[in-house]
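One letter stands for each residue in the lines below.
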Amino acid sequence: MYKKAKYFISGNAVIETVNFDIQELEIGFSVYEVVKIIGGIPLFFEEHLRRLYQSARLKNTKITFKEEEIKETVYKLIQINTIQEGRLKFAVRFHKSGNKLICFFLKPIIPTEDNYKNGVKIISVQAERENPNAKVINYNLRTYINKVIEDNDIFEVLLYNKKHIISECGKSNIFFVKDAVIYTSFSENVLSGITGSYISEICKNGNIKITNCNIKLSDISEYEAAFITGTSIAVLPIKQIDSYSFSANNEVIYLLSDNYNKIVTNYIKSKRLQQI
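First, a word on scope: everything that follows refers to the structure included in this document. No experiment lies behind these values; they were computed from the predicted model shown.

Details of the nonpolar core
Move 1: Membership of the largest hydrophobic core comes to 49 residues, with the highest contact counts inside it found for Phe90 and Tyr260.
Move 2: The dominant element in this core, judged by the number of residues it contributes, is helix 6 (residues 251-275), at seven residues.
Move 3: Here Phe90 is in contact with Val31, Tyr32, Glu33, Val35, Phe45, His48, Leu49, Leu52, Ile70, Val74, Ile102 and Cys103, once residues within four sequence places are set aside.
Move 4: Ile122, Cys169, Phe176 and Cys213 belong to the second largest nonpolar core, which has 20 residues in total.

Given below as structure tokens:
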């Protein structure tokens, strides 16, 4: 929860942020999405909505809210808080007492200029998501990841399984670069990131080879560069994973970042034109 946001929405009620209780999302289970707000516009809103409904299907349940209802609620929250830039979380909670749509702002994640230029530090931990393709709130895993990040003063956490195969990061997808080829985990082992899907599209259009494979934690030193992607961070280079160092000065990462930023700019421009 972002304290500078005065209100959140729970069901049909607009409630002051001071009364927010995260445990409401832990009753039953919740599928969710986090969107980046740019100039009052939710970035790639359509893709986020599609993934929300897909997460529910993977949990063998159905969202009873129509897309327009969710859109109206999200835009309403943006307007009543007068927040034009930030991160907004919308979740559908499933419980025997009934389904509920809950929307609230999160504290922004803003990488620094140095992060984009020189990369960020992350460390690896053994942890697995029960159903990685479904974006479901997992309070225990999220609490653990946040504690590791805080205790070690790092930007992200890299997850690997019992076989020491890398899957993804706590809040982002991860990619490795070697000889101008990009390597990443198999899609069935990770939450398919929206930013990551655009990276794949850029690679396809730019004749950049991208390979899905099992990457062992012990093999990451073989790669020249690495980067993470996410709605809030875009394309962010990594300078260190555990004791392994990587170069943030990589032409492939520069190219991907530049093309992705153009896609974001064009999306926001098109949505603004639709509002006129």
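Focus on the state of the cysteines
Move 1: The tally for this structure, following the rule as stated, stands at zero disulfides.
Move 2: With no disulfide of its own, Cys169 lies closest to Cys213 among cysteine sulfurs, the gap being 15 Å.
Move 3: Cys169 gets classed as buried once you look at its relative accessible area, which sits at 1%.
Move 4: Taking relative accessible area as the criterion, Cys213 reaches 18% and is therefore assigned buried.

So, the layout of surface pockets
If a probe as big as a water molecule is rolled over the atoms, it shows which places are left empty.
Move 1: Of the voids in this model, the second largest pocket is the one considered here, and its volume is about 250 Å³.
Move 2: Lining the second largest pocket are 16 residues; nearest its centre among them are Phe175, Thr184, Ser192, Ser200 and Asn212.
Move 3: Of all the secondary-structure elements, those providing two or more residues to the lining of the second largest pocket are strand 10 (173-178), helix 5 (194-205) and strand 12 (210-212).
Move 4: By residue class, the composition of the lining of the second largest pocket is five nonpolar, eleven polar and no charged.

Procedures and definitions
Residues numbered from 1 in each chain as written. Predicted model: local features only at pLDDT ≥ 70, side-chain atom pairs only at ≥ 80, totals over all residues. Heavy atoms only, no water. Core = buried A, V, L, I, M, F, W, Y, C linked by side-chain atoms within 4.5 Å. Buried < 20%, exposed > 50% of the residue type's maximum accessible area, 1.4 Å probe, protein only. Helix = DSSP H or I, 4+ residues; strand = E, 2+ residues; numbered from the N terminus. Contact = heavy atoms within 4.5 Å. Disulfide = S-S within 2.5 Å. 1 Å grid on protein atoms, 1.4 Å probe; cavity = no way out; pocket = protein on both sides within 12 Å on 5 of 7 lines; lining within 4 Å. Points joined across faces, edges and corners; volume = space filled by probe spheres on them. Nonpolar A, V, L, I, M, F, W, Y, C, P; charged D, E, K, R; others polar.

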